Amino acid sequence: MIDTSLGTQFLGELIGTAVLVLFGGGVVAGVSLKWSKAESGGWVVVTLAWGLAVTMGVYVSGYMSMAHLNPAVTLGMALAGAFPWDYVLPYIGAQFIGAFIGATLVWLHYYPHWKKTEDKPTKLGVFSTAPAIRHYTSNVFGEALGTFILVFGLLSLGANTFSEGLNPLVVGALIVVIGMSLGGTTGYAINPARDLGPRIAHFVWPIAGKGGSDWSYSWVPVIGPLLGGALGALSYNAIINGDVSMWLWAFGALFILVLVLAMTLDKKNDLT
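Heads up: these notes are all about the structure in this document. Keep in mind it's a predicted model, so treat the numbers as computed, not measured.

Inspection of every chain in the model, using the stated rule, returns three salt bridges. Lysine 34 serves as the salt-bridge partner of glutamate 39, at 3.2 Å between the closest nitrogen and oxygen. Judged by its relative accessible area of 29%, glutamate 39 is partly exposed. Here lysine 34 falls in the partly exposed class, since its relative accessible area comes to 38%. For aspartate 195, the salt bridge goes to arginine 199, with nearest N and O atoms at 2.8 Å. Of this pair, aspartate 195 and arginine 199 both sit in helix α9 (residues 192–204), four residues apart, which is roughly one turn of that helix. The class of aspartate 195 is buried, set by a relative accessible area of 0%. On the basis of relative accessible area, arginine 199 is assigned to the buried category, the value being 0%.

Here it is in C-alpha cells:
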C-alpha cells in the first residue's frame, strides 16, 4: 500500500482516470468524428492509444495512489487481500468522477465536430461502449473474460520484478493485447468507470445532435467487469497461492446467475 493520505490517493485516482478517459475517448473521437484529421484511423490506432492512455494514467497517478483507475481492479485487489476495504469506496468514487471529467474534456476539445457528425451511435461510441452484435449473454461473458484476464494479469505482473518505471508500460501492453484479441465484440470497456462515467457525461451535456445514451445496455459494461475482476483476483489466489476463498464460489454463482438472466433477455428479444 502506498504511503500517502487518503485524500492524496483520492486525487491520484481522479486525475489518473481523467487522463485515461481523455486520451482513450479522445482517440475514439479522433477516428470517428467527421472532419477530424484522424478520421478512419481504425481499430489498431484505437487499441494502441487505449493502451498508452492507461500507461499515462498510471504514470501521472502512481506516486499519489495505487493507480487502479478501474473499480473492477479495486474490487479485485480488495478481494485478493492486496488492498484495504475501507479505501474501496473512495477509490471507486474518484474513478467515476475522473472518468466524467475526462469525457467532458473530450466533448469540449472536439466541440465543432459533433455538429458535423450526423450518426448518433458514432457520437455515443466516443463516450461509451456498444456491442458489435447485441447478445447480452455473449456481451456479459466477453466483458467478464476481458476483465478476468486484466486483473489476473495485473496480479501476475506484480509478482515479477521490473526495472523502475517500466511496470506502467507493461500494463499498457496488457490493455493493448486484450483490445486487439478480445475487444472486437463489445469495445472492451473492462472498466465500469470508463464506460458509465462518460455515458453519464453524454446524457447530461448538450452535445450537438446526440441521440439516446443506450441505458438498456449500460449494465453490461458495469456488471461484467466487476464480476470478471472479482473472479480474476479470487482465481489468482486459488491457483497461485492455494487460497480457495468462499468468495470464489459466491462470485462464480453470481456470474452464472447473471448469465442466466442475460439469456432470458436474449430469448425475450428474439421473440419480439
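On we go from here.
What follows is about empty space enclosed by the protein. Applying the stated criterion across every chain, the model contains one cavity of 30 Å³ or more. Computed from the structure, the largest cavity encloses a volume of approximately 40 Å³. Lining the largest cavity are Val21, Gly25, Trp50, Ala103, Val106, Val126, Phe127, Arg194 and Pro198. Those elements that place two or more of their residues in the lining of the largest cavity are α1 (6–32), α4 (88–109), α6 (120–127) and α9. A breakdown of the residues in the lining of the largest cavity according to their chemical character gives seven nonpolar, one polar and one charged.

Criteria and cut-off values
Residues numbered from 1 in each chain as written. Predicted model: local features only at pLDDT ≥ 70, side-chain atom pairs only at ≥ 80, totals over all residues. Heavy atoms only, no water. Salt bridge = Lys/Arg side-chain N within 4 Å of Asp/Glu carboxyl O. Buried < 20%, exposed > 50% of the residue type's maximum accessible area, 1.4 Å probe, protein only. Helix = DSSP H or I, 4+ residues; strand = E, 2+ residues; numbered from the N terminus. 1 Å grid on protein atoms, 1.4 Å probe; cavity = no way out; pocket = protein on both sides within 12 Å on 5 of 7 lines; lining within 4 Å. Points joined across faces, edges and corners; volume = space filled by probe spheres on them. Nonpolar A, V, L, I, M, F, W, Y, C, P; charged D, E, K, R; others polar.

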